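Remarks on the overall topology
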There are 2 protein chains.
Amino acid sequence: MTRNTIAPFFEPKSIAVIGSLRETWFGGYVSIRHLLLFSFPGKIYPVNPSYGKVLDREVYPSIKEVPEAVDLVIIITPAQVVPELITECAENGAKAIIITSDGFAERDEKGAELQQEIVDIARHSSIRILGPNTVGTANPATGLVTTPYATRYEKIRRGAVGFCAQSGLAGLQAIPLQDTQYGFSKVCDFGNKCDVDECDLLEYLAEDPETRVIAMHIEDVKDGQRFLETAKEAARKKPVLIIKAGKTKEGKKALKSHTGALAGEDQVYDAAFKQAGIIRVQNFEELLDFSKLFGLQPLPRGNRIAIVTTTGGGAIFGIDTAMEYGLNIAELSADTIERLAKLSPSLAANPVDIFTTSLVFEDVLRLYRETMQIVLSDQNVDCAAIVLYETPFTTLQLHSEIVEVFKELRRFGKPMGIWVYGTRLPSMRELAICLEKSGFPVYFDFITPIKALGIAAKYSAGLQKLHQ
Amino acid sequence: MTRNTIAPFFEPKSIAVIGSLRETWFGGYVSIRHLLLFSFPGKIYPVNPSYGKVLDREVYPSIKEVPEAVDLVIIITPAQVVPELITECAENGAKAIIITSDGFAERDEKGAELQQEIVDIARHSSIRILGPNTVGTANPATGLVTTPYATRYEKIRRGAVGFCAQSGLAGLQAIPLQDTQYGFSKVCDFGNKCDVDECDLLEYLAEDPETRVIAMHIEDVKDGQRFLETAKEAARKKPVLIIKAGKTKEGKKALKSHTGALAGEDQVYDAAFKQAGIIRVQNFEELLDFSKLFGLQPLPRGNRIAIVTTTGGGAIFGIDTAMEYGLNIAELSADTIERLAKLSPSLAANPVDIFTTSLVFEDVLRLYRETMQIVLSDQNVDCAAIVLYETPFTTLQLHSEIVEVFKELRRFGKPMGIWVYGTRLPSMRELAICLEKSGFPVYFDFITPIKALGIAAKYSAGLQKLHQ
């Protein structure tokens, strides 16, 4: 049921855009330009009384003149005219409205009244509203990008991360989404959550076949009971990672003036998240970094990690992090130890440190491939953290050979997190892009991928317990 | 005294390099090439019995043939010949030796005996030894780069961060030092610490006028009492940040096989660091990210932070972090509030959110400049976290105008940390490079700069207490 009413925000067949059509960096013109740039295949109806044509499209003086009931309306106008526009949208038969306009509950008491007014109109006509005070939604699979802020985007990679935030922080104008290689299934800014909220999105994304992991930022929860139930249901289907802003008293105070959110005590959220099986993360970087691993890699079947490294010193941070995040250092089987020792005696332990061998081995890529194949085929190993050293001699050719090695390893069905380090950032970034495009999550530190694997193992154990 | 015996590792006038001179990616050839590339101005003596010339330099068949007593010798040979070489170095009158060779205490019992042998020889002749099992040192100010691993470097920026690690992790081959803009004063890998250790470096860097902050990675401490005393002394002179590997039982076990380090209980280290006034950090990224702020910015006089932001949602994470790291959200003075309100009513609170105003203000750069000038001139403000939004319209011209704005703010003598966010990573990186080159630390998240400011305020308060 929720899915049906939320779907028009992400999968509309027709969109009306009401607002300024001036060719500038903010407004309806930008939203329409984004839709065209991303090849949105549906109908687009620009609505503005002062224009004849924009971007080669007929402009309608009012939503009343639009010849069909549209799936989605995007409103980017001053706040005071919004209530009237909603009424007109209802008459049109529109299913969903994104209200980008600000000046509502986040502003002052008068704004809050105005917001209540639009909620009342919408409820009466069963239109769903996202916002106000939102940059809207994106669905890379269907060329949907509603944001009215200019970006330098041409494409967002389609992927498995469903990403929502109660703030412009999830907007395309706030995170360089185009420069990420792991891809997004859906992106949504809740804004003031006057109607559509985190629970609606949890329900929608839990059912969404493109979404394999839900990454969510919230400032508050409006209905605790419903949140607990929907979050629990969602977390049984796929990992749900949440970052909650306003942990401190001062942070909570600031929330109120931001989106009008009234946040409760942080420990209440903590307990609720735990009860619902939600993975709470502490900062935005972790939210996306952990989601990347969930989005690209399979879940581990257990918590035993193997580490393949070129730096003994770095591996120690890996071990410390693994232990702190509930992983065990895998005890390699006798057979594995024997096979590794045959390759080179100094490899026969976990962490498998290939450094000394790599100095004398004729083909380092083969050394990597064989080491990782032996390690990942061990039944005592559930997941692996792999250290790649970007030498000053790597070429694009070598990068693609490295990717091929990892593709071969996929057959073991065990998640891998990769730390790339080296001498120059540009070539490290190139290698990371190659690997992530092919589905292998890369990090420029060794702590984050191991935290991510630890969290994945914990989530996986929780699921297994449920299904026992 | 220590300073005198350690200085040759960083400020040598002459260097002998003993090892393979094959043109490959590892060995004496690479060390010499690095010295030439970085324009090391002193004498370089390649030593190898099998070569006549290398890189246009005369090769000496043995250190015995080198015509002067050298300040520094770099040994990159198989372990077993090292003791004999040390004896020869002593005869030469060399002051310091970097032993890059591995196969000592980190390998096995036999290696440990070999290591003891070289220590005995060196002590007898008062030569100081760094290593074995080290990539050596770097001093950007004097063109000194001893690492025998090929890098793609041509230059390392001279700066205020003295960076040491008990592992190749501080080597130029492990951190892309050339791509950092804040600069390093000295870089050192301790290796097995058979002689020169963390205490020697603390003493040396505490006295080093180029070093404003000491960033150190350690796996163990050999002499607890001396460490406490030297660390305390160093921390009175400049901030000392330390990351300690091997927090967990499993991590400690791995340490032993890495550099032969025998680490004690983690809480003992924790207590010692606290007693000595050392700032303990939890990962490598923080070690350098925090040092960057200490290296580029003045110390705050108090703990009251102002936040200037373009995102209300982002600012809340800033507030939470500030509170968690001992900062207070500055209460702006009545005069400041009045001046901000005059610029625009929505600016009159801390965090100062310029978003709404920026949508209508004719010159956003002027808005930034005036807002920040008003805020930083407030006597109730000790430091500032500033959010910069890299719009899709910024140009290199605008980047340099932004840098000029920040340069003007320097006169307030208050530390600033900057969060850059935006739509595209490449232009965000460009802006960050421009700012850091001019001395303003940039981060791509809002947590890290505020943590760094919090830590700086705490360090500053400690210093003030000492001087009362």
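Higher on the page you've got the structure.
In this report, we go over the structure that sits alongside the text.

Scoring rules and cut-offs
- Residues numbered from 1 in each chain as written.
- Chains lettered and ligands numbered in written order.
- Predicted model: local features only at pLDDT ≥ 70, side-chain atom pairs only at ≥ 80, totals over all residues.
- Heavy atoms only, no water.
- Least-squares fit on C-alpha atoms with pLDDT ≥ 70 in both.
- Contact = heavy atoms within 4.5 Å.
- Buried < 20%, exposed > 50% of the residue type's maximum accessible area, 1.4 Å probe, protein only.
- Helix = DSSP H or I, 4+ residues; strand = E, 2+ residues; numbered from the N terminus.
- Pairing = 2+ DSSP bridges.
- Salt bridge = Lys/Arg side-chain N within 4 Å of Asp/Glu carboxyl O.
- Patch = residues over 30% accessible without salt bridge, like charges linked within 9 Å, V, L, I, M, F, W, Y side chains within 5 Å.
- Areas by Shrake-Rupley, 256 points an atom, 1.4 Å probe, with all protein chains shown as cover.
- Lys, Arg positive; Asp, Glu negative; His and termini not counted.
- Charge placed at Lys NZ, Arg CZ, Asp CG, Glu CD.
- Axes fitted to C-alpha atoms, helices over the stretch in contact; angles between N-to-C directions.
- Buried area = accessible area lost by both parts, 1.4 Å probe.
- Nonpolar A, V, L, I, M, F, W, Y, C, P; charged D, E, K, R; others polar.

**Re the relation of the copies chain B and chain A**
- With an RMSD of 0.0 Å, the operation that places chain B on chain A is a rotation of 180° combined with a shift of 0.0 Å along the axis. Both copies are brought into coincidence by an operation consistent with a two-fold rotation axis. Judged by C-alpha distance, B:P426 is the residue of chain B that lies nearest the rotation axis, at 5.3 Å.
- Most of the interface of chain B is mirrored in chain A, where 100% of its interface residues are also at the interface.

**Looking at the pairing of strand β18 (residues 383-390) of chain B**
Residue and element names in this part refer to chain B.
- With respect to burial, β18 is a largely interior element, seven of its eight residues being buried.
- Relative to strand β19 (residues 416-422), β18 is paired through seven bridges, and the arrangement is parallel. Bridged to A384 within β19 is M416.

**Quick look at the pattern of salt bridges**
- Within the structure shown, the criterion is met by 50 salt bridges over all chains.
- Between A:D179 and B:R424 there is a salt bridge, and its shortest N-O distance comes to 2.8 Å. Linking A:D179 in the loop between β10 (158-165) and β11 (184-189) with B:R424 in the loop between β19 and α15 (425-437), this pair reaches from one chain into another.
- Of the charged contacts in the structure, one is a salt bridge between B:R280 and B:D270, with a shortest N-O distance of 2.8 Å. In this pair, B:R280 is assigned in strand β14 (residues 279-280) and B:D270 in helix α8 (residues 266-276), connecting sequence segments ten residues apart.
- Residue B:R280 is classed as buried on the basis of its relative accessible area, which comes to 15%.
- Classification of B:D270 by relative accessible area gives partly exposed; the value is 39%.
- Here the salt bridges do not stand alone but share partners, grouping A:R123, A:R128, A:D195, A:D197, A:D200, A:E203 and A:R226 into one network.

**Considerations on a negative patch on the surface**
Residues and elements named next belong to chain B.
- On the surface, D108, E109, E113, E117 and D120 cluster together to form a negatively charged patch.
- Here D108 shows up in the loop between β6 (96-99) and α4 (109-124).
- Judged by its relative accessible area of 39%, D108 falls in the partly exposed class.

**Comments concerning the environment of B:E11**
- Topologically, B:E11 is positioned in the loop between α1 (2-10) and β1 (14-19).
- Look past the residues within four positions of B:E11 in its chain and what remains in contact with it is B:R3, B:D71, B:N139 and B:Y204.

**What to know about the sheet that holds strand β7 (residues 128-130) of chain A**
All names here are of chain A.
- One open sheet accounts for five strands, arranged β2-β1-β5-β6-β7; its pairing is parallel. Looking along the sheet, the strands with just one partner apiece sit at the ends: β2 (43-47) and β7. Strand-to-strand twist across the sheet, computed as the mean angle between neighbouring axes with direction ignored, equals 20°.
- As paired strands, strand β5 (residues 72-76) and strand β6 (residues 96-99) are joined by four bridges and run parallel to one another. By the bridge assignment, V73 is partnered in β6 with I97.
- Lying on the sheet, helix α1 (residues 2-10) is in contact with β5, β6 and β7; it crosses β7 at an angle near 45°.

**Topic: the interface of chain B and chain A**
- Taken together, the 61 residues of chain B in the interface contact 61 residues of chain A.
- When the two sides are added together, the surface that chain B and chain A hide from each other amounts to roughly 4900 Å², 63% of it contributed by carbon and sulfur.
- Ranking the residues of chain B by area buried against chain A places B:R152, B:F317 and B:R424 at the top, with a combined share of 14%.
- Where chain B touches chain A, the interface holds four salt bridges.
- In this structure, B:E324 and A:K247 form a salt bridge, with 3.1 Å as the shortest nitrogen-oxygen distance.
- The dominant element in the side of chain B that touches chain A, judged by the number of residues it contributes, is helix α10 (residues 312-324) of chain B, at nine residues.
- Across the side of chain B that touches chain A, the residue classes tally to 30 nonpolar, 19 polar and twelve charged.

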